[in-house]
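# Summary of the model geometry
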Amino acid sequence: MLLSLLIWLPIVAGVVILALGDARARHIALGVSVLTFVFSLPLFFGFDTTISQMQFTEHAAWLPSFDINYTLGVDGISMPLILLTTFINVIVVISAWVVITDRVAVYLGAFQIMTGLMVGVFAALDAILFYIFFEATLIPMFLIIGIWGGPNRVYATIKFFLYTFLGSVFMLVALIYMYRVGSSFAVLDLHILKLNQKEQLLIFLAFLIAFAVKIPMWPVHTWLPDAHVEAPTAGSAVLAAIMLKMGGYGFLRFSLPITPDASNRLDGLMIFLSLVAVVYIGFVALAQRDMKKLIAYSSISHMGFVTLGIFIAFMLIGAGDQSHVALGIEGAMVQMISHGFISAAMFLCVGVMYDRVHSREIADYGGVVNTMPIFAAFMVFFALANAGLPGTSGFVGEFMVIIASFKANFWFAFLAATTLILGAAYTLWMVKRVIFGEVTNANVANLTDIDRREFIMLALLAFFVLLLGVWPNLVVHVMHASVENLVQHISVSKY
Amino acid sequence: MKFIYTLIPLCPLFAAIAAGLFGKRLGRVMSHRVTIGGVAMSFLLSLIAFQQVVLSGNTFNESIYTWMVSGGIRFEVGFLVDRLTVLMMLVVTFVSLMVHIYTIGYMHDDDGYQRFFSYISLFTFSMLMLVMSNNFMQLFFGWEAVGTVSYLLIGFWYKRDTAIFANMKAFLVNRVGDFGFILGIAAVVMYTGSLDYEEVFVKAQPLIGQTMSIMGGFEWSVLTVICICLFIGAMGKSAQMPLHVWLPDSMEGPTPISALIHAATMVTAGIFMVARMSPLFELSETALSFILVIGALTAFLMGLIGIVQHDIKRVVAYSTLSQLGYMTVALGASAYSAAIFHLMTHAFFKALLFLAAGSVIIALHHEQDMRKMGGLRKYLPITYWTSLIGSLALIGFPGLSGFFSKDLIIEAVHESTLPGATLAYWAVLAGVFVTAFYSFRMFFLVFHGKSRMDEHTEEHCHEPPNVVTWPLIALAVPSVIIGFMTMGPIVFGQYFEGVIFVDDSHNVIERVREHTTGAMSMLSHVPGSKAFYLAMAGVFFAWFFYLVKPEWPAKIQSKLGFLHRILDKKYGFDEFNQTVFAAGSVGIGAGLWRFGDQGVIDGAVVNGSAQGIGKLAGLARLSQSGYLFHYAFAMIIGLLVMMSIFLFI
């Protein structure tokens, strides 16, 4: 029942918040988000790390005539992402506390509903249920950007919606096709469904379109910078921290186990696209003048490590190196979770400044440290984490994936490691222009440092960034059994 | 002992946290007490470690906790405390302690007093983690952590444009080195399956002869690739050409950190790392030759730039680059013990020279231009005498610590037979003259001759307080005696046995031992030593040009304008990097963005198809209200319709 609670508590609460109106919206939202997070903790502490089977499973017939079931469960791959989701939800409510004055109930309600839906994405073990959650998350995000967004929000929302919606339609077709072959929508049944080469290839491509757009991979990434720029702060944070991970999760839950042979065949293409994301996008980020765009591009570049880590697995399996395959996949997982904290923190930092100055342009700032020293310390810390500093979570995933990719090919590691230079260059250059130096204008001179609310919000994120950087085993050890199982599964051809 | 060893890095860490987070509440005095206490504690515990490891012979190698296990590889945090580590620990904690005390005086009037103490304690923690590591991952952690603190400290005065440019430059150039370093570590993991030093060194032996193809059929020795990649990391951290460009600019930071980080400890991390990895580097002569040549070029060419600098700190900075080149040369010649020996003596006398320069700078109210100094001898007697000791130690005056370490390196390179050794030998020998010349040029310009200060400065010029001068004296003592005292055991004795591994075919120290057996015999060779006469010649010319005929340097400069311009432009590295790498990268980024993202992907594909669809949708739009929940509702209906079509047809 725990997973259902985590899905429906925020959704129902979201509806209640909408119904009760603005007056008590904040307190209810805070209470619900904290409660959801607390309820999600047993997932972590009660998790059996020795088995790869689904845990906390629930099953109910939902639409029996269509063979669609309400099946939930988590393994080591999905569980950390659920915790990330419920945690970020708390941060979101804190971030909106005084900032959102316009229709606050709708805003907070939408985020609560979205949280429930996102938990659903990671917990669903029925493909149609997954699809519905996957699609439904778009609606609240669409509202959030469309209502509280910036001046160009219409273009951004339409682009965001069409891109991601178009992507997932193909996934639905693939799911229905597989139902016709195997008469089941259960994800675990699909994993063992026999599919021939041609079928696998088409299904892989259908999934690829959906997940590549979501994560996003080059060249279907251009919706993300626009969406981020227009989204309100918390929208950007959730988008970067959670929604992108649905793509990475999709690859691990669907593409790899359902179509292992096709994944194996196309791994070269996937690695190529990932490395383009790391290098090309790294350069593009360097040229950005808008802070949010810069962080958005940085996200795409970091997600390149996720897809690289995932698809490098096949090269290692091909080389007969079973034992180290897990390093790349677990690296990808750690990268997703770490990025959840760091990118959310970076967007919130920009939000903190935006709330005061109402500009995201780098050129409008300079010397912020003079008027906001505590904030500056946080921003520099998160920037260094974003640049992959050891001791922060940003380092762990990159390190694992670089090591794993060296095993596959020297040049993969070489190109991936350029992020050490490019990532530091675009992040620290932004920090230099925004944070350091003399006060450049009256807006900066009139800044006030972060208040207690903002401090708590950033400190919570900083705590997790450090914790995972100093002791990554905390999350890595829960993944082992599931990842080993996945590696076993994809090592065996389906035909 | 595990507990004590764990405390050694943790003391400064906790002190740094206390001063950093609660500095306001603790106040200035409490903050410096806490941090000095932390470092002093580390120093005392390091003495216990010395007693344990060196006197009792108990090497410690254990993990503290498991950072992560993934893909069958254990990533651990652990300590290896052997004789090399203990030596580094003592140097780091002692110099750090001196710098902490000195800072009380130097940063007295600065608003960021607590923050500064927090940073230097954090640095001490990072550096200790680096030297005490027993595995590559923690080494990389320390490596990047010291770089980060260096970044924070170079940009300590964050209002100065030059400082915030210099700190970013330092971080990025170091990242170029780390780029190589991480590839080296990845290669180590790939070929040995482990990150643990001990295990890697054992598993490296069978790799001899194994090759990997990197580009089109050409086979590289695996060990050469590993060693060169690791050494690229060292080139960044230890500022070897062409990755040296950040170190002179790092002088934008306050002087105490120039002494601690950019002279005595952090920049020697690369030297330490190669010495630590001697069992790997000994297996690749190609890598050793590469190291030898890079070191020789740095030692000679960077010393030359020191001659034309006017900023007192920059002279010392170029001197540091040149001396790091000497250490690198020693590494390349397989004289690891000589490199570490020079690292140690250099740590003392170079920290002394920096702190003395800092003493001059505060006495003159933050004036760093030597053209506005002169005749300071009578105002700053303690600074004068300690500077003299530091300068004599630096140029290798017989009997002082630098003499032993530098002459040893020259002797060792002379014995080396690796490709590049001849070049390196002449480079380090010529470097002796250059070193003596720039050192005493600085010394005479600052302390002798007529005063070129303005009246106001001269009036207020006096010796800084005790907290500044005592560390000078405390550093002057080892600058004099440490070489004589420790050379025997460290280089010619058994100190590094079992720690540093040297292949018999290039054991140059063994060959030096045939004619020199210790400090006394080294001193007895002075009358026949080329290096000694070159050093004396350097001092003589400096004296002649800057005290006897002070008008000559300007004349020579105008005669040799071309040469001067090359040196003044520092061989053009900065311009090249700025125009090609920095501007080039931003240009590439802007190009890809405008053309790739906005032009092709968005312009042609996305918006193009959107417009096409838009026309079609014009019809459908008639039936729609524009309310978002209607869209959502329509979506779900659509979904059901689609599903029914697929399922029932």
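Here is what the cut-offs are and how they apply
Residues numbered from 1 in each chain as written. Chains lettered and ligands numbered in written order. Predicted model: local features only at pLDDT ≥ 70, side-chain atom pairs only at ≥ 80, totals over all residues. Heavy atoms only, no water. Helix = DSSP H or I, 4+ residues; strand = E, 2+ residues; numbered from the N terminus. Rg over C-alpha atoms; globule rule 2.2 N^0.38 Å. Buried < 20%, exposed > 50% of the residue type's maximum accessible area, 1.4 Å probe, protein only. Contact = heavy atoms within 4.5 Å. Axes fitted to C-alpha atoms, helices over the stretch in contact; angles between N-to-C directions. Parallel < 35°, antiparallel > 145°, perpendicular 65-115°, else oblique. Left-handed = near helix turned anticlockwise from the far one by under 90°. Nonpolar A, V, L, I, M, F, W, Y, C, P; charged D, E, K, R; others polar. Buried area = accessible area lost by both parts, 1.4 Å probe. Salt bridge = Lys/Arg side-chain N within 4 Å of Asp/Glu carboxyl O. Polar contact = N/O pair within 3.5 Å; in protein donor to acceptor, adjacent residues only side chain to side chain. Core = buried A, V, L, I, M, F, W, Y, C linked by side-chain atoms within 4.5 Å. Phe/Tyr/Trp six-rings, centres within 6.5 Å; stacked < 30°, edge-to-face > 60°.

On to the overall build of chain B. Within chain B, the secondary structure is distributed over 26 helices and four strands. Over its C-alpha trace chain B gives a radius of gyration of 29 Å, about what one expects of a compact globule, namely 26 Å for 649 residues. For chain B, the C-alpha atoms occupy an extent of roughly 105 × 65 × 55 Å along the three principal directions. The proportion of buried residues among the 649 residues of chain B is 61%. Here the analysis covers contacts within chain B between residues at least 6 apart in sequence; of these, 80% occur between residues at least 24 apart.

The next point concerns the packing of helix α12 (residues 285-308) of chain B against helix α17 (residues 421-447) of chain B. All names here are of chain B. Contact geometry for α12 and α17: axes closest at 8 Å, N-to-C directions at 25 degrees. The orientation of α12 with respect to α17, classified from their angle, is roughly parallel. For the pair α12 and α17, the sense of crossing is left-handed. Residues Leu292, Val293, Ala296, Phe300, Gly303, Leu304, Gly306, Ile307 and Val308 of α12 form the contact with α17, whose own contacting residues are Ala421, Leu423, Ala424, Ala427, Ala430, Gly431, Val434, Phe437, Tyr438 and Arg441. For the contact of α12 with α17, the per-class residue count stands at 15 nonpolar, three polar and one charged.

Interfaces are often described in size by the accessible area the parts lose on coming together. Contacts between chain A and chain B engage 77 residues on the former and 64 residues on the latter. Carbon and sulfur atoms supply 77% of the area that chain A and chain B bury against each other, a total of about 6,600 Å² over both sides. Taken together, chain A and chain B are joined by zero salt bridges. At the boundary of chain A and chain B, one finds twelve residue pairs in polar contact (both at pLDDT 80 or more). Here the residues of the side of chain A that touches chain B sort into 54 nonpolar, 13 polar and ten charged.

Counting 459 residues, the largest nonpolar core has Phe375(A), Ile435(A), Phe136(B), Leu280(B) and Leu376(B) as the members making the most contacts within it. Ranked by residues supplied to this core, first place goes to helix α15 (residues 325-357) of chain A with 21 residues. Residues contacting Ile435(A), with those up to four places away along its chain left out, are Gly367(A), Val368(A), Val369(A), Phe375(A), Ala376(A), Met379(A), Val380(A) and Met430(A).

Once that is clear, we can look at the packing of aromatic side chains. All names here are of chain A. For the structure shown, the criterion picks out 76 aromatic pairs over all chains. Taken together, a centroid distance of 5.5 Å and an interplanar angle of 75 degrees make the contact between Phe378 and Phe455 edge-to-face. Of this pair, Phe378 sits in helix α17 (residues 373-386) while Phe455 sits in helix α21 (residues 452-470); the two residues are 77 residues apart in sequence, bridging distant segments of the chain. By relative accessible area, Phe455 is classed as partly exposed at 40%.

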